[in-house]
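One letter stands for each residue in the lines below.
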Protein chains: 2
Amino acid sequence: MTCRSICAIEGVSASGIKEGKNGLALISASGYTAGVFTQNLVKAAPIELMQERIKKGKFEAVIANSGCANAYTGKRGYNDAVRMSEIAGESLGIDPYHVGVASTGVIGKYLDISLIERQCCDVAKNIGRSESSETLAAQAIMTTDTFPKHALVETDTFSVGGIAKGSGMIAPNMATMLAFLYTDAKINQKQLKQALSQATRRSFNCVVVDGDTSTNDIALCTATGEAGHVNNTEFCTVLETCCRSLAQQIAADGEGATKLIEVTVLSAMNEEAAATVARAVIGSSLVKTAVYGEDPNWGRIVAAAGRSGIEFDPNAISLWIGDGTNRYPLVMSGEIIADLAMAKTAMKGKKVIFEIDLASGKEKATAWGCDLTERYVEINGRYTT
Amino acid sequence: MTCRSICAIEGVSASGIKEGKNGLALISASGYTAGVFTQNLVKAAPIELMQERIKKGKFEAVIANSGCANAYTGKRGYNDAVRMSEIAGESLGIDPYHVGVASTGVIGKYLDISLIERQCCDVAKNIGRSESSETLAAQAIMTTDTFPKHALVETDTFSVGGIAKGSGMIAPNMATMLAFLYTDAKINQKQLKQALSQATRRSFNCVVVDGDTSTNDIALCTATGEAGHVNNTEFCTVLETCCRSLAQQIAADGEGATKLIEVTVLSAMNEEAAATVARAVIGSSLVKTAVYGEDPNWGRIVAAAGRSGIEFDPNAISLWIGDGTNRYPLVMSGEIIADLAMAKTAMKGKKVIFEIDLASGKEKATAWGCDLTERYVEINGRYTT
């Protein structure tokens, strides 16, 4: 079997365990590390810890648990996060200060440290560099995810691989997600940080499942350097491609989702304006339910764009619907030309694509989301109990 | 039978008709009129027309249809809105320029003017001042509403009465709603406008059903003056009380709702900050589904407050849950003291109340919303078809 994500990167080994709701992943890889974190004012304990530790920039490993977010747990939670890094450090024989820590799960609950100790001990024994090891790690961080998320982008000279979890509480400005990315490219920390920020902005920050921003979002990227120096522009592109693949997987696996929705906004004044409109449309419950019902109620798209806060001339816009193969115009330069029967056929598949031309500039952006279904309600109506 | 809303106001007569999805309400009342309108960039034709006409300030009647929003319909839509005012003017023998026009329903569809002509003619014949007339008007403007919304607040000297429709596409900065308010108070147009703006800010703008802002929102208030001059402060309070009653009815009747959610934010830096936090919590799909499932997942409330953009110290806040009769603390000054079994009992009824003390000032605000249910998905998955 060939590795499909992080274990394809030279210098990275991993494993994981999942017992009911409680999972633990351990990834060993040494190198400069950059991170991006949730913008929620209420930050989980591991986020607070990581925001300090990332400054030093060098990580040897990452430990991540699922089932308990260790968020809104005060001083004790912070100490628990530190303890997690010590547990990983002891298991792997490394300095705990160089261990990345992440958590996902229920907010307002303390970690079960003895469980983490036991799980980490078990996982450390099995850490390896196979396809099954990386899959165990990806599965260990899942909460309501229905499949593990993997991505690998390879060039002649270097590669970027990643695993991620998403599912609920996914909103503009980082999905509720953990993402652990690795590359064998040799790249300095400043460039790594810039590349990760840009890639995050164009991928994870453009995924909306339900408009909530988590307390625990984190994306880390470690560069092991094994492949030597690389072209920085090429590295940015490859990292972004890898992040976009994970972002799309997160969107497609949104809680209760049956369809992936992709919204591309064209001819915007600038990229941020395009992204803002795309996120407003993808975040609209009315658009999401219409996609679920395969109802080409395109007026809701125009209405969502109109409330995004971005200025444009509603009478100049164009709008298309497509499924990746076919593409039908709904509005052309403000003129309604919707053939609702054709539009409806474009909504039958697993992917529904909307393109909106704002006729106000040259920039574009894409956002991803999913439909809103009865199953989302069911999943989230009984989460803690 | 006693009138319960607009027909209790001296000088107001009304009626309405509802045929399938297509309804038409006609209200006759002469006086200074103030209006507040949707902040969506994409404004329906009647909104554009009203924003011009409201400047003159005197209305003689209002005509409102349901079933077609006359939004995103361009020049033809604008002419249709003008035509609606002419139809009402002809039926009532008044200058069409003094007729208020409102629409609600599907976006991107042209009005059926001949249907409106016929319905208006029928309705005009039955216009009256009884409880059944005002109910017919309130029913005529319903879309997915399950009950007509009425409110009446009476003082010794004057009264304010209103009808409204809400249900879906209900978000901060005006619900998807039409609200027609009447008072017999004699009040000048400037004061009326200020009073309506403040009342709207504290009522309709604090209702969130699904985070979408409609293209058609409108609230109009006409003062017939029959009761003579009144105290302005008292008028503001009474108008606000009437609007809050309608706002709560709209929230309780949100699409698919089974429970009314009320969020009061206390000890905020200012009223706007309090309202912003309250709306973020009430708009959270995760909070809404938790309430539906009677799951006291209070971490989601803290997380939603944290992403509202308002600064506060998460470790100083307090949080209560209640049902209007009992009230249980979940967090006190940052300390988790949640008794989840007790909290769960507070979620059994038709109304769930959260109170959040931000410990950062002296101001407060309340927002209303509803739970998110499978039924919401069902209603909105097949709206146009």
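Quantities reported herein were computed from a predicted structural model and do not represent experimental measurements. (Residues numbered from 1 in each chain as written. Chains lettered and ligands numbered in written order. Predicted model: local features only at pLDDT ≥ 70, side-chain atom pairs only at ≥ 80, totals over all residues. Heavy atoms only, no water.)

(A) Representation of the confidence of the model for chain A in the model. Residues and elements named next belong to chain A. A residue-level look at chain A finds 95% of positions with pLDDT of 70 or above and a mean pLDDT of 89. Under a pLDDT of 50 for its full length, residues 170–175 has, in the predicted model, 37 contacts with residues more than four places off or in other chains. Overall fold confidence (pTM) sits at 0.78, and the ipTM for the predicted complex is 0.72. (pLDDT = per-residue confidence, 0-100. Contact = heavy atoms within 4.5 Å.)

(B) Looking closely at the state of the cysteines. The tally for this structure, following the rule as stated, stands at 0 disulfides over all chains. A disulfide-free cysteine, Cys206 of chain A has its sulfur positioned 12 Å from the sulfur of Cys243 of chain A, the nearest such atom. Cysteine Cys370 of chain B remains unbridged, with the sulfur of Cys206 of chain B as its closest cysteine sulfur at 15 Å. (Disulfide = S-S within 2.5 Å.)

(C) Seen up close, the sheet that holds strand 15 (residues 363–370) of chain B. Residue and element names in this part refer to chain B. Strands sit in the order 8-15-10-14-11-12-13 across an open sheet of 7 strands; the sheet is mixed. Pairing within the sheet leaves two strands with one partner each, and these edge strands are strand 8 (207–208) and strand 13 (335–336). Note that strand 11 (residues 318–322) and strand 12 (residues 327–332) share 4 bridges and pair antiparallel. Looking at the pairing, Trp320 lines up with Pro329 of strand 12. Taken strand by strand, helix 6 (residues 232–252) contacts strand 8, strand 10 (260–268), strand 14 (351–357) and strand 15, and its axis lies near 40 degrees from that of strand 15. Sitting on the sheet, helix 7 (residues 271–282) is in contact with strand 8, strand 10, strand 14 and strand 15, with an inclination near 25 degrees to strand 15. (Pairing = 2+ DSSP bridges. Helix = DSSP H or I, 4+ residues; strand = E, 2+ residues; numbered from the N terminus. Axes fitted to C-alpha atoms, helices over the stretch in contact; angles between N-to-C directions.)

(D) A look at the relation of the copies chain B and chain A. Laying chain B over chain A is done by rotating through 180 degrees and shifting 0.0 Å along the axis; what remains is an RMSD of 0.0 Å. Between the two chains, the operation in question is that of a two-fold axis. When each C-alpha of chain B is compared by its distance to the rotation axis, Glu374 of chain B comes out closest, at 2.2 Å. (Least-squares fit on C-alpha atoms with pLDDT ≥ 70 in both.)

(E) Representation of the interface of chain B and chain A in the model. Between chain B and chain A, the residue contacts involve 51 residues of the former and 52 residues of the latter. The contact between chain B and chain A buries some 4,400 Å² in all, and 59% of this surface belongs to carbon and sulfur atoms. In this structure, the connection of chain B to chain A is made through 0 salt bridges. Inspection of the chain B/chain A interface yields 6 residue pairs in polar contact (both at pLDDT 80 or more). At the level of secondary structure, the elements contributing two or more residues to the side of chain B that touches chain A comprise helix 8 (285–292), helix 9 (299–306) and helix 11 (374–381) of chain B. Among the residues forming the side of chain B that touches chain A, the class breakdown is 23 nonpolar, 18 polar and 10 charged. (Buried area = accessible area lost by both parts, 1.4 Å probe. Salt bridge = Lys/Arg side-chain N within 4 Å of Asp/Glu carboxyl O. Polar contact = N/O pair within 3.5 Å; in protein donor to acceptor, adjacent residues only side chain to side chain. Nonpolar A, V, L, I, M, F, W, Y, C, P; charged D, E, K, R; others polar.)

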